[in-house]
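Next come the chains, spelled out residue by residue.
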Amino acid sequence: MSPSEPQRMYELLVDGFQQVSGILDERKSTLAADPVLAELADRVAAAPDPESDEVKRAFLHALDSRELSAAAEVVQYFAHRFRWAWLHAEVEQRHLDCLTRVDRRLTRHYERMLEAFSPDWEDRDLFPSLAKHSSP
């Protein structure tokens, strides 16, 4: 792997997250954004280290970005597909911080993300490509 490949993964993900935000802003449809999320997830799954620092950095960017309108959907998709413990811990910490600050809007934002880590997440049908990655 060349030294620039990890950086390209970060850029690929962040660009993809912005593309998903644009689709959701324009079309208001997770069905329309699903193919982009599936392609990004497949690229991550095929990477030599799907939990590399660059992948983590891209998701931390998504969690903390106020400009990324699809942050919740992006995190939900990847949370449900990969169930990464590190991502769960990051979302949970932000959730707890919001509870402490009594920020109800952001608390619910993070609760929606945490729900996606469950194998029986009720909103998984909003992303049809997740069906082929679900446990039986």
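Above this text you will find the structure in question.
Reference entry: report on the structure contained in this document. (Residues numbered from 1 in each chain as written. Predicted model: local features only at pLDDT ≥ 70, side-chain atom pairs only at ≥ 80, totals over all residues. Heavy atoms only, no water.)

## Notes on helix α3 (residues 53-64)
In this model, α3 (12 residues) spans 16 Å end to end at C-alpha, consistent with the 16 Å of a helix rising 1.5 Å per residue. For α3, the set of buried residues is Glu54, Val55, Ala58, Phe59, Ala62 and Leu63. (Helix = DSSP H or I, 4+ residues; strand = E, 2+ residues; numbered from the N terminus. Expected span 1.5 Å × (residues − 1). Buried < 20%, exposed > 50% of the residue type's maximum accessible area, 1.4 Å probe, protein only.)

## Here we look at the packing of aromatic side chains
Applying the stated criterion across every chain yields a total of 12 aromatic pairs. The interplanar angle of 80 degrees and the centroid separation of 5.6 Å between the aromatic rings of Tyr77 and Phe127 together place this pair among those described as edge-to-face. Of this pair, Tyr77 sits in helix α4 (residues 71-82) while Phe127 is found in the segment after α6 (104-115), placing the two residues 50 residues apart along the sequence. Side by side, Tyr77 and Phe127 carry an identical accessibility label, which is buried. Considering the side-chain rings of Trp121 and Phe127, the 6.0 Å spacing of their centres and the 20 degrees angle between planes classify their relative orientation as stacked. (Phe/Tyr/Trp six-rings, centres within 6.5 Å; stacked < 30°, edge-to-face > 60°.)

## Some words on the packing of helix α5 (residues 85-101) against α6
If you want to describe how two helices pack, look at the angle between their axes and the distance between the axes. Two elements in contact, α5 and α6, have axes whose closest approach is 9 Å; the angle formed by their N-to-C orientations is 155 degrees. As far as their axial angle goes, α6 and α5 are roughly antiparallel. Note on packing geometry: the crossing formed by α5 with α6 is left-handed. Between α5, through His88, Val91, Glu92, Arg94, His95, Cys98, Leu99 and Arg101, and α6, the contact on the second element is made entirely by Leu106, Thr107, Tyr110, Glu111, Met113 and Leu114. Of the residues belonging to the contact of α5 with α6, the class tally is 7 nonpolar, 3 polar and 4 charged. (Axes fitted to C-alpha atoms, helices over the stretch in contact; angles between N-to-C directions. Parallel < 35°, antiparallel > 145°, perpendicular 65-115°, else oblique. Left-handed = near helix turned anticlockwise from the far one by under 90°. Contact = heavy atoms within 4.5 Å. Nonpolar A, V, L, I, M, F, W, Y, C, P; charged D, E, K, R; others polar.)

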